[in-house]
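Structural overview
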Amino acid sequence: MNIEDQQRDENVSRGDVTIQKDKKLYNGAKNRSCRSREDELFLTGLISLAAGAALWALYYLWLRRFIPRIPCFFSNVLGIYCPGCGGTRAVYALLHGRLLKAVWCHPLVPYGAVIYGGFMLTQGLHRLGVKCIKPWKFHNWYLYGAMAILVCNFLVKNLLRLVWGVTI
């Protein structure tokens, strides 16, 4: 054993790693994964987009003739809107270019489309070599914003329905 190996063994046993080449070997936090959170989210976004398109095509082209529409439990039994009520109408309105109607039906859908679309577009362009575009990073406030929109939407729509009789 030479002096460098002895120093490395002493440093590792004490818990501090001072030799640059050994940081990768002994520092588990640095060597867990080569992918960043954004890499994982981008890959998940691509897989979700492909799976969603495949499921939509399967349903639209074949299954919708066999699967009946299920009534909403919240609306039929409890007499209130569920937290996701209006989501399908919002997607339909958004795909047909009616942004205000999509926001009225369920504001989480346009919000999610902007966050998902912006993240995937900037990350994709950056990965294709367009370096003048700074890719979006994931932030927890995206989720906090989505939860706030979901709760506010639920409360406002049910207040409109129960107090003033306004339905969507």
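**Description of the confidence of the model for the chain**
A residue-level look at the chain finds 80% of positions with pLDDT of 70 or above and a mean pLDDT of 84. Confidence drops under pLDDT 50 across residues 16-31; counting only partners more than four residues distant or on other chains, this segment forms 13 contacts.

**Topic: the nonpolar core**
Among the nonpolar cores identified, the biggest contains 5 residues, and these are Ala-90, Ala-93, Ala-102, Cys-105 and Val-109. Every element with two or more residues in this core is listed here: helix H5 (87-95) and helix H6 (99-105). For Cys-105, the residues in contact, after removing those within four places along its chain, are Cys-85, Gly-86, Arg-89, Ala-90, Lys-157 and Ile-168.

**With respect to the state of the cysteines**
Two cysteines whose sulfur atoms are joined by a covalent bond form what is called a disulfide. Under the criterion given, the structure shown has 0 disulfides. Here Cys-85 is not disulfide-linked; the sulfur of Cys-82 is the nearest cysteine sulfur, at 4.9 Å.

So, how was this worked out
Numbers given to residues run from 1 along each chain, matching the order in which its sequence is written. Confidence filtering applies because this is a predicted model: local features only for residues at pLDDT of at least 70, side-chain atom pairs given and counted only at 80 or more, and all residues used for totals across whole chains, interfaces and linings. Water and hydrogen atoms were dropped before computing side-chain values, which therefore reflect all heavy atoms in the structure. Scored from 0 to 100, pLDDT records how confident the predictor is in each individual residue. Between two residues, a contact is recorded if the distance between any of their heavy atoms is within 4.5 Å. What we call a nonpolar core is a set of buried Ala, Val, Leu, Ile, Met, Phe, Trp, Tyr and Cys residues that are connected through their side-chain atoms within 4.5 Å. Exposure classes here rest on a 1.4 Å probe applied to the protein chains alone. A residue is buried below 20% of its type maximum, exposed above 50%, and partly exposed in between. In DSSP terms, a helix is any run of H or I states spanning at least four residues, a strand is any run of E spanning at least two, and both are numbered starting from the N terminus. In this description, the term disulfide denotes a pair of cysteine sulfurs within 2.5 Å.

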